[in-house]
Amino acid sequence: MLNRGIKKVGRLLSREQTEILETALLLMLPALLTKLSGLFFNLIAASYFGTKELGWNQFLVASSIPELLTNVFLIGTLGSIVIPTLITVKKREGNIEFRKVYSSIINLSILIFSIVAIILAVTADTTLPFLLNLFEPDTVINIADYEIIISMMRVLLIPQVVLGFSVFISSGLNVHNRYLVPQLAPLFYNIGRVVMLFILVPLMNYSPWAIVVGVFVGSFLHLFVQIPLVIKLKLGYVPVIAILNKYVLEILRTGLPRIFAIASEHIAFTFNKFLAYGISGNIAALTYANSLSLVIPTLFGYTFSVPSYTILAELYEENDNKRAEDVIIKTLNEILFLSLPFIIILIVLRVPIVRLVFGIIPNTRFGFDDTSLTAWILLWFTLGHVFICGRWFIYRVFYAAKDTMYPFLVSLVSLVFTIILSIAFTNLFSYNNTLAISDIQLSLEHLLNRNPNPTSSASIGGIALAMSITYSLEFFILLIIYHYTKYKFNFKKLIKSTLPKFYSGAIMFVILYFLYKTWNSIANALPVSGDGGVFGSTTLNLLILTIVSVITALLSYYLLSLLFRVEELKILKRYLNPILKLGGLRIN
């Protein structure tokens, strides 16, 4: 029986996945586990360090630039024309040419990354202070802190090479319609970090260097978990850089704009990390809120984007634009239907969710003030998620069509717009005395000038609001560009099919909001302060009432979708009925 079970798991991990919805739902479990393990990492970090501990914030600053380089020079290359071009090579030229082109891109990307990394490591003593003061001129950091940050940054460049090489392997597996194992890789990365966090941080007297070791362990696990499938498929690797190969030149020609597009997004977030550090010395709250907010786009944006990317690339290769449009509309509706109720839950129940995720451990250093600040930032991140999930997908639509120039131009404008709005909204929120929307004093003077004596940390929320607005606009702009440059898009069909979901979501929001306000006032589930610890009856009340509210909200969304005849209900019937049947239930 054990052998049969192992064989079944092996077949599941190695078989092709070719149907978008089925693959997306299959990827949701490892994607969810990945995000949960990432949140668990942050939960333990929060219990050890809170949001204000110096060493933890030093690590977050130090890791920003290595992560930026990886996302630009390694992951950025993969997200561009690589997969569509590799599909073309595999179909037209066969496996030998495929391995040559595939290996050339790996070697070239890692070579460029290594050169930039070496230059950065050598010049770090002047580069990092320059960047911090460029983004936030009032930043004050003593020399000892700079030396620690710079040392960690230099060391963290090494595991990023391993991580980038592993992501290239994921791309090669995707070309062969294998998505499950590549999705398991980031889960093992998080497992490595979590284990090292548990073991080393207490042993090393809560030194941030313990977290650096965790990054090393996680990056190697990310790579090793994919090696067996690579060997089974005979993916192959050739130590060559065929720079004059026509397919390599095609990747460089169309891929460079994508690299710059990826760069603009990560430059914006790196800028905002430095901005948050310069304003308050606190990147941790921004990091916690961002990691929690990304659960929804990962589950419902990424998991649909990955399988649809390959399928759309094949349709565009065959010039079947009509079927591609059908896939786009169908996928956007499925993303919206599945993500919308969870977006609403995160907006309304943000405070109890943050408390339960990051502050549930006894004697945690993540106090209720930290909960309030993280929930405040999370609110502004989540407001744009309805369209950000679609944004993740629509970028892939352009890349599947081997068009990277329009996304590059849009992302370049987005970078400038994000920086401007981040500065303006952090200025505006710096005048808040409390973390409340009602306390916002909207005026041109407040947008242009920061409060020299802020009384709260509300200004960091302006970063999240700027990113939500900008990324939501990107979705609409890219959709309009697609309509005028690719294929006349049926907006009427898209709007007509999405409106019933928005109706259901709006009514669900009202129900959940009043339910939350009612039980919180009656049960007093949220503590006034976290100083004395909140584990016990308060946490139990919070957990029970949050679960009851979530279940009520989801049931109301289902019934409303039934009332408005939402077509995507068939997703629930198709995939949940086999599970519910075990308990004698069924969705009709």
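Our subject in this report is the structure included herewith.

Scoring rules and cut-offs
Residues numbered from 1 in each chain as written. Predicted model: local features only at pLDDT ≥ 70, side-chain atom pairs only at ≥ 80, totals over all residues. Heavy atoms only, no water. Helix = DSSP H or I, 4+ residues; strand = E, 2+ residues; numbered from the N terminus. Buried < 20%, exposed > 50% of the residue type's maximum accessible area, 1.4 Å probe, protein only. Areas by Shrake-Rupley, 256 points an atom, 1.4 Å probe, with all protein chains shown as cover. Core = buried A, V, L, I, M, F, W, Y, C linked by side-chain atoms within 4.5 Å. Contact = heavy atoms within 4.5 Å. Salt bridge = Lys/Arg side-chain N within 4 Å of Asp/Glu carboxyl O.

## Comments concerning the overall build of the protein
Within the protein, the secondary structure is distributed over 22 helices and zero strands. The buried share of the protein, taken over its 588 residues, is 58%. Accessible surface for the protein amounts to roughly 25,200 Å². Of this, 68% is attributable to carbon and sulfur atoms.

## Details of the nonpolar core
Core analysis: the biggest nonpolar cluster contains 139 residues, and Trp56, Phe59, Leu312, Ile328, Phe358 and Ile377 have the highest contact counts within it. Those residues within four positions of phenylalanine 358 in sequence are excluded, and the remaining contacts are Leu39, Asn42, Leu43, Ala46, Tyr288, Ser291, Leu292, Thr364, Phe366 and Thr374.

## Description of the side chain of serine 459
For serine 459, the position within the fold is in the loop between helix H18 (444-448) and helix H19 (461-485). For serine 459, a relative accessible area of 5% gives the class buried. Apart from residues no more than four positions distant in its own chain, serine 459 is found in contact with Ile279, Phe425, Thr426, Phe429 and Ser430.

## Side note on the pattern of salt bridges
Under the counting rule described, the total for this entry stands at five salt bridges. Between lysine 330 and glutamate 334 there is a salt bridge; the shortest N-O distance is 2.9 Å. Here lysine 330 pairs with glutamate 334, and both are found in helix H13 (residues 321-348), just four residues apart, close to one helical turn. What makes lysine 330 partly exposed here is its relative accessible area of 39%. We classify glutamate 334 as buried; its relative accessible area is 3%. The shortest N-O distance in the salt bridge between glutamate 474 and arginine 391 comes to 3.3 Å. Taken together, the positions of glutamate 474 in helix H19 and arginine 391 in helix H16 (residues 385-400) put the pair 83 residues apart, joining distant regions of the chain. It is possible to trace a salt-bridge network through shared partners that takes in Lys322, Glu325, Asp326 and Lys493.

## Some thoughts on unusual backbone geometry
Here the phi dihedral of arginine 565 falls at roughly 55°; this positive angle occurs in a residue that is not glycine. Position of arginine 565 relative to the elements: it lies in the loop between helix H21 (537-563) and helix H22 (569-580). Of the residues examined, arginine 565 reaches a relative accessible area of 77% and is grouped as exposed.

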